[in-house]
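# Geometric and topological summary
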Amino acid sequence: SVAPAIPRDEKIEKEVEALLKKMTLEEKIGQMTELTIDVITKRDHSSKDFQVDDALLDTVIGKYKVGSILNVPQGVAQSKEKWEEIIRKIQDKSMKVMGIPCIYGVDQIHGTTYTLGGTFFPQGINMAATFNRGLVREGSRISAYETKAGSIPWTYAPVLDLARDARWPRHWENYGEDCYVNAEMGRESVLGFQGEDPNKIGKQHVAACLKHYMGYGVPVSGKDRTPSSITVQDMREKHFAPFVEGIKAGALSVMVNSAMNNGLPFHANYELLTQWLKEDLNWDGLIVTDWADINNLYTRDKIAGSKKEAIKIAINAGIDMSMVPYEWSFCTYLKELVEEGEVPMSRIDDAVRRVLRMKYRLGLFDTPAYNHKEFPLFGGKEHAAAALQAAEESLVLLKNADGILPLASGKKLLITGPNANSMRTLNGGWSYSWQGDKADDCAADYNTILESFTNKFGASNIIYEPGVTYKKGGAWWEENAPEIDKALAAAVHADYIIACIGENSYCETPGNLNNLFLSKNQLDLVKALAATGKPVVLVLNEGRPRIVSEIEPLAKAVINTMLPGNYGGDALANLVSGDANFSGKMPYTYPRDINSLFTYDYKPCEDLEKMQGAYDYDAVMSVQ
Ligand code: 3DO
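All values derive from a computational prediction rather than experimental measurement.

### With respect to the confidence of the model for the protein
On average, residues of the protein score 95 in pLDDT, and 96% of them are at 70 or above. A low-confidence stretch, residues 613–624 (pLDDT under 50), is modelled with 25 contacts involving residues beyond four sequence positions or located in other chains.

### As for empty space enclosed by the protein
For the structure on display, the rule yields two cavities of 30 Å³ or more. In this structure, the largest cavity occupies an estimated 180 Å³ of space. Secondary structure elements with two or more residues in the lining of the largest cavity: α5 (124–130), α6 (133–148) and α7 (179–194). When grouped by side-chain class, the residues that make up the lining of the largest cavity number 10 nonpolar, nine polar and one charged.

### Brief notes about helix α21 (residues 568–577)
Counting buried positions along α21 gives nine out of 10 residues, so the element sits mostly inside the fold. Those residues of α21 not exposed but buried are Gly568, Gly569, Ala571, Leu572, Ala573, Asn574, Leu575, Val576 and Ser577. Of the residues one or two after α21, Gly578 is the one with positive phi, at around 90°.

### Here we look at the domain arrangement of the protein
Here the protein is described as being made up of domain 1 (10–374), domain 2 (395–588) and domain 3 (590–624). For domain 1 versus domain 2, the distance between C-alpha centres works out to 35 Å. At the junction of the two partners, domain 1 supplies 33 residues and domain 2 supplies 37 residues. Our enumeration of links across domain 1 and domain 2 arrives at two salt bridges.

### Some remarks on the sheet that holds strand β2 (residues 68–70)
Strands sit in the order β4-β3-β2-β1-β10 across an open sheet of five strands; the sheet is parallel. On the outer flanks of this sheet lie β4 (154–155) and β10 (322–323), each paired with one strand and no other.

### Re unusual backbone geometry
The omega torsion across Tyr213 and Met214 is -10°, close enough to zero to call that bond cis. Tracing the backbone shows Met214 in the loop between β5 (209–213) and α8 (232–239). Here the amide bond leading from Val324 into Pro325 is cis, since omega sits at -5°, within 30 degrees of zero. Position of Pro325 among the secondary structure elements: in the loop between β10 and α13 (329–339). Look at Asn71: it is not a glycine, yet its phi comes out positive at around 90°. Note on placement: Asn71 falls in the loop between β2 and α4 (80–97). Look at Asn71 and you get buried, because its relative accessible area is 18%. Positive phi outside glycine occurs at Lys302, with the angle close to 60°. Among the secondary structure elements, Lys302 is positioned in the loop between α11 (293–299) and α12 (307–317).

### A look at the nonpolar core
In globular proteins that are soluble, nonpolar side chains generally tend to be buried together. In this structure, Ile90, Trp154, Tyr213, Leu334 and Phe453 are the most contacted members of the largest nonpolar core, which totals 195 residues. Top element by residues in this core is helix α14 (residues 345–361). It accounts for seven residues. Here this core spans two domains, and each of domain 1 (10–374) and domain 2 (395–588) adds at least three residues to it. Here Phe453 is in contact with Leu413, Ile415, Gly458, Ile462, Ile498, Leu572, Ala573 and Val576, once residues within four sequence places are set aside.

### Thoughts on the packing of α12 against α13
Running from N to C, α12 and α13 point in directions that differ by 70°, and their axes come no closer than 9 Å. In this view, α12 runs roughly perpendicular relative to α13, as classed from their interaxial angle. Packed against α12, whose contacting residues are Lys307, Lys308, Ile311, Lys312 and Ile315, the element α13 presents Ser329, Phe330, Tyr333, Leu334, Glu336 and Leu337 at the interface. Split by residue class, the contact of α12 with α13 holds six nonpolar, one polar and four charged.

Criteria and cut-off values
Residues numbered from 1 in each chain as written. Predicted model: local features only at pLDDT ≥ 70, side-chain atom pairs only at ≥ 80, totals over all residues. Heavy atoms only, no water. pLDDT = per-residue confidence, 0-100. Contact = heavy atoms within 4.5 Å. 1 Å grid on protein atoms, 1.4 Å probe; cavity = no way out; pocket = protein on both sides within 12 Å on 5 of 7 lines; lining within 4 Å. Points joined across faces, edges and corners; volume = space filled by probe spheres on them. Helix = DSSP H or I, 4+ residues; strand = E, 2+ residues; numbered from the N terminus. Nonpolar A, V, L, I, M, F, W, Y, C, P; charged D, E, K, R; others polar. Buried < 20%, exposed > 50% of the residue type's maximum accessible area, 1.4 Å probe, protein only. Domains from an automatic or database assignment. Salt bridge = Lys/Arg side-chain N within 4 Å of Asp/Glu carboxyl O. Pairing = 2+ DSSP bridges. Core = buried A, V, L, I, M, F, W, Y, C linked by side-chain atoms within 4.5 Å. Axes fitted to C-alpha atoms, helices over the stretch in contact; angles between N-to-C directions. Parallel < 35°, antiparallel > 145°, perpendicular 65-115°, else oblique.

Structural data, given as structure tokens:
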């Protein structure tokens, strides 16, 4: 038999067994239940001073013995002080009622997504573009430290789906299209989050959660949470590989892909959950569902005839914890299923062991919450330097005709485009809020591209006229009526045009799109500006490769910034001025056209395509 993926700590194992023996069935089921913070907060969402509600806490933890809470109060980042207050309150109650700490989970996916004042790194796709393993580990180590400053012990990261469909709205959360790169970066990220010893996570580290198990990045429709059609061979060789590496590095948990493959939802797949993960790898970590995904087996996937049957299928397939997340019928139905013999007690015990083991490994029984004052490096200079370095190493220079970059000094620059003056577009989703739409307020202290260029090149050399703007308060794709004439008038005074184009922030299903081409307004803006004859530098700031083939030939230089985070503007200014050198490489294939959506390992056969004249190899920009 295979050696345990994570070596067992005998002391922890004994403690788990001793506790398990004392627990009632209700208590055990409570440990398998995860609810969202909204369930225990006062419903007055207009109030800025968010509070945990004592009566609701009594129901959730006192009555239902719920063992895990997730998410963010009011959906917006909180201070580390507030986080400590919230978690201390939950922990005090949990320890008093059950003597078992709660495990609180949050998506801190590119730094402290939900902790105000923390350090925001570039998104995963950029971290991959650095091809710098040490930097990925360091980024996750810093994120763990700052996450723990708010007493949060569990992050839903790293994201190891392969970004293999350009249309998919979660393309930017992963380490690119290649399984080896995802595996290498995933391992480093786990070590950064958890430290070297998975049995002793310690004060400055958090538990990692590899997600989303697996094959999420290849939906047939290109849309979020929609079915894939992956062969067993691709599943094993490509999609499974990063998870194996993350687990070998000691990852304590895994979150499951919401969708289905070849007709079978991942949440119901015994072979993938129990056999591949738990048995083949002899891994004793925790499998948590994604949002409401047990219920989805009934309501959306229709492979279960009722809510209760969905629970039976998922738990028997190997799910250990259900991210329910809004109510507690999961507890009632699961209890009935055990009493009726539909879910064996051994399965419940196995799941609860995994939950408790993780809590012991995290040291939560000894220290359920931390004093934020013990994290003096939070949001400080050392962390900022690492995030800036990551941003600099992640920007990819796709084109530099006639060596136009670095820009000669003393020249006048027109900064234009809807992404020129926005912290929201630099960060993307999972930034201060789920959709990233609060970043302009919450990250006002950092520099947009415009501000960084003004600092770097001097205010007298900068002209700003966006030409196209996003609609404030609208959907992420909505733009105001373009003002291209204004940008054209400003271009008269400029030596160079820096066109900052791309996408506004979005996350998950709301980020679905029907047209991968860059918006018409933005294409028109660049075409009009290029027609002036002034050299154009295209700055692509986007979560997935929007098709820009009409305007790429009109530009002297093209820089792919993807989503570089709070230091993205500074990094770009350093690189464009020549104060730093470009070194980022593409972690995915940039499509020239809508019928060129493929990954490097599925390139059409070169000779055949050339013979047919159907395919232009220069078309694929910088596959490295
Ligand atoms: C995401 C992953 C995330 C979870 C909890 O919708 O916020 O929500 O970790 O896919 C899901």
